[in-house]
Amino acid sequence: MRNRSVRKFVRSIRQRVHLAEERGAVLLPETPVERRRKNTRASAIEMQESRSLVRKAEKAIAQGKTEEAERAFIQALTVTPDAYSVQAQLAKFYLQTGREQKAEALYRDLIVSHDDTSYHANLGLAFYRQGKYLDACKSYQHALNKDPTNPERSAALGRACMAACRYEEAAQILEKTCARLSRDTELLNLLAECYLQIHAYDLAQNAYQRINKLEPYNEEVKAKMKQLASA
C-alpha cells in the first residue's frame, strides 16, 4: 500500500510538470550554492587591525580622551563586527562614562548570543541608573541565578528591589546578604529601612542594633533605636 501511494504521488508530479510544459513554463535548472570560503589570511589581518584599534581605545581612555576612545572602539567593531569581546568593552566604556542608554542597547544585544553573568549584571546597572528599577531587578536576578554564591550579586538585587518599592522582597534578599557581609553597615541601613517600610519594627530595631555594635558612635542610629523603643 505504501509503495502504491508513492507511485501515485510521483505520477501526479509528472502530470503537473507535463501540463506546465504544455503551457510554456520554463523550468530553471537547480544551481548549487557554493559556500564562500573565508580567507584565513584576511581574517588574521582583520583581527590584528581590530586589536590595534582596541589598544588605541584603551590608551585614549587612560588619557581621558573619551571621544577618541569611542571612535576607536567603533572602528574595531566595523573591522570585526562579530567580535563580541570588543562590543562588551564598548558597552562597559559607555557604562563608565555615564551613557547608560547606549550601554543598555549593547548589553541587550550581547546577552542574546552570550549568556554571561557580568553582562546581565552590567545591564542591570544600566537599567538602575536610568531609573528602570523593575528591569534592573530582572537583570540582577539573572546574574544572581548564574552566580548564587556571590553576595555582591544579591546586594545589587536587594538595592534594585528596594528602589522598585518591593520592600518585602528586598528585606528577604538583604537579610541573607547581611548574614554574609555582616560588617557592611550600608546594607544594614537599607535592611532597617525595608523593615520600617513594611512595619516590621522589631526587625528594624534589630538591624539598627547590629549597626550600633559596628558603629557605637553613630548618633543617628542611636536616635532611631530610641525612637523605635518608645514607639
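Each value, and the rule that gives it
Residues numbered from 1 in each chain as written. Predicted model: local features only at pLDDT ≥ 70, side-chain atom pairs only at ≥ 80, totals over all residues. Heavy atoms only, no water. Helix = DSSP H or I, 4+ residues; strand = E, 2+ residues; numbered from the N terminus. Contact = heavy atoms within 4.5 Å. Areas by Shrake-Rupley, 256 points an atom, 1.4 Å probe, with all protein chains shown as cover. Core = buried A, V, L, I, M, F, W, Y, C linked by side-chain atoms within 4.5 Å. Buried < 20%, exposed > 50% of the residue type's maximum accessible area, 1.4 Å probe, protein only. 1 Å grid on protein atoms, 1.4 Å probe; cavity = no way out; pocket = protein on both sides within 12 Å on 5 of 7 lines; lining within 4 Å. Points joined across faces, edges and corners; volume = space filled by probe spheres on them. Nonpolar A, V, L, I, M, F, W, Y, C, P; charged D, E, K, R; others polar. Phe/Tyr/Trp six-rings, centres within 6.5 Å; stacked < 30°, edge-to-face > 60°. Expected span 1.5 Å × (residues − 1). Polar contact = N/O pair within 3.5 Å; in protein donor to acceptor, adjacent residues only side chain to side chain. Salt bridge = Lys/Arg side-chain N within 4 Å of Asp/Glu carboxyl O.

Visitor: Report on the overall build of the protein chain, specifying residues and quantitative values.
Guide: What the protein chain contains, in helices and strands, is 12 helices and 0 strands. Ordered by position in the sequence, the α and β elements of the protein chain form the string α-α-α-α-α-α-α-α-α-α-α-α. Sequence-distant contacts, at least 24 apart, represent 39% of the contacts inside the protein chain between residues at least 6 apart. With an accessible surface of roughly 15800 Å², the protein chain has 51% of that area assigned to carbon and sulfur atoms.

Visitor: For the nonpolar core, give the residues involved together with the corresponding values.
Guide: Phe 73, Val 86, Leu 90, Tyr 107, Leu 157, Leu 191 and Tyr 208 are the most contacted members of the largest nonpolar core, which has 56 residues in total. Sorting elements by how many residues they give to this core places helix H4 (residues 84-96) first, with 7 residues. Look past the residues within four positions of Tyr 107 in its chain and what remains in contact with it is Ala 88, Ala 91, Lys 92, Leu 95, Tyr 119, Asn 122 and Leu 123.

Visitor: Residue-level account of the layout of surface pockets, with values.
Guide: Roughly 150 Å³ of internal volume is contained in the second largest pocket. The wall of the second largest pocket is formed by Leu 144, Pro 148, Pro 151, Ser 154, Gln 172, Ile 173, Lys 176, Thr 177 and Arg 180. Of all the secondary-structure elements, those providing two or more residues to the lining of the second largest pocket are helix H8 (151-163) and helix H9 (167-180). At 5 residues, H9 tops the list of elements feeding residues into the lining of the second largest pocket. Of the residues in the lining of the second largest pocket, the class split is 4 nonpolar, 3 polar and 2 charged.

Visitor: Before we move on, could you go through unusual backbone geometry and cite the residues and values that matter?
Guide: In this structure, Cys 165 is a non-glycine residue whose phi angle is positive, near 65 degrees. Tracing the backbone shows Cys 165 in the loop between H8 and H9. Its identity as a non-glycine residue notwithstanding, His 199 has a phi of 65 degrees, on the positive side. As for its position among the elements, His 199 is in the loop between helix H10 (185-197) and helix H11 (201-214).

Visitor: I'd like a description of the side chain of Ser 139, backed by residues and values.
Guide: By secondary structure assignment, the location of Ser 139 is in helix H7 (residues 133-146). Using a relative accessible area of 5% as the deciding quantity, one classes Ser 139 as buried.

Visitor: Hey, could you go over the packing of aromatic side chains for me, with residue numbers and the actual values?
Guide: In total, this model carries 4 aromatic pairs according to the counting rule given. Measuring from ring centre to ring centre gives 5.9 Å for Phe 93 and Tyr 94, while their planes differ by 45 degrees; the resulting arrangement is tilted. The pair formed by Phe 93 and Tyr 94 is uniform in burial state, with each residue classed as buried. Measuring from ring centre to ring centre gives 5.3 Å for Tyr 128 and Tyr 133, while their planes differ by 65 degrees; the resulting arrangement is edge-to-face. Residue Tyr 128 is classed as partly exposed on the basis of its relative accessible area of 29%.

Visitor: Give a detailed account of H8, specifying residues and quantitative values.
Guide: Over its 13 residues, H8 runs 18 Å from end to end, which matches the ideal 18 Å to within 8%, given 1.5 Å per residue. Buried residues in H8 make contact with helix H6 (117-129), H7, H9 and H10. The distance from a side-chain oxygen at the start of H8 to the backbone nitrogen of Glu 152 is 2.9 Å, and the residue carrying that oxygen is Asn 150.

Visitor: Give a detailed account of the environment of Met 225, specifying residues and quantitative values.
Guide: If you trace the backbone, Met 225 turns up in helix H12 (residues 219-230). In sequence terms Met 225 and Asn 212 are 13 residues apart; their C-alpha atoms lie 9.1 Å from each other. Among all residues touching Met 225, those that are not within four sequence positions of it are Gln 205, Tyr 208, Gln 209 and Asn 212.

Visitor: Tell me about the pattern of salt bridges, and name the residues and values.
Guide: A full pass over the atoms with the stated rule returns 12 salt bridges. In this structure, Glu 70 engages Arg 99 in a salt bridge whose closest nitrogen and oxygen atoms are separated by 3.0 Å. On the criterion of sequence distance, the pair formed by Glu 70 in helix H3 (residues 66-79) and Arg 99 in the loop between H4 and helix H5 (100-113) is long-range, its members being 29 residues apart. The buried category is assigned to Glu 70, whose relative accessible area is 14%. A salt bridge links Glu 175 to Arg 210; the nearest nitrogen and oxygen atoms lie 3.1 Å apart. Of the two residues, Glu 175 sits in helix H9 while Arg 210 sits in helix H11, which places them 35 residues apart along the sequence. Look at Glu 175 and you get partly exposed, because its relative accessible area is 26%. Beyond isolated ion pairs, a larger network of salt bridges with shared partners links Glu 70, Arg 99 and Lys 102.

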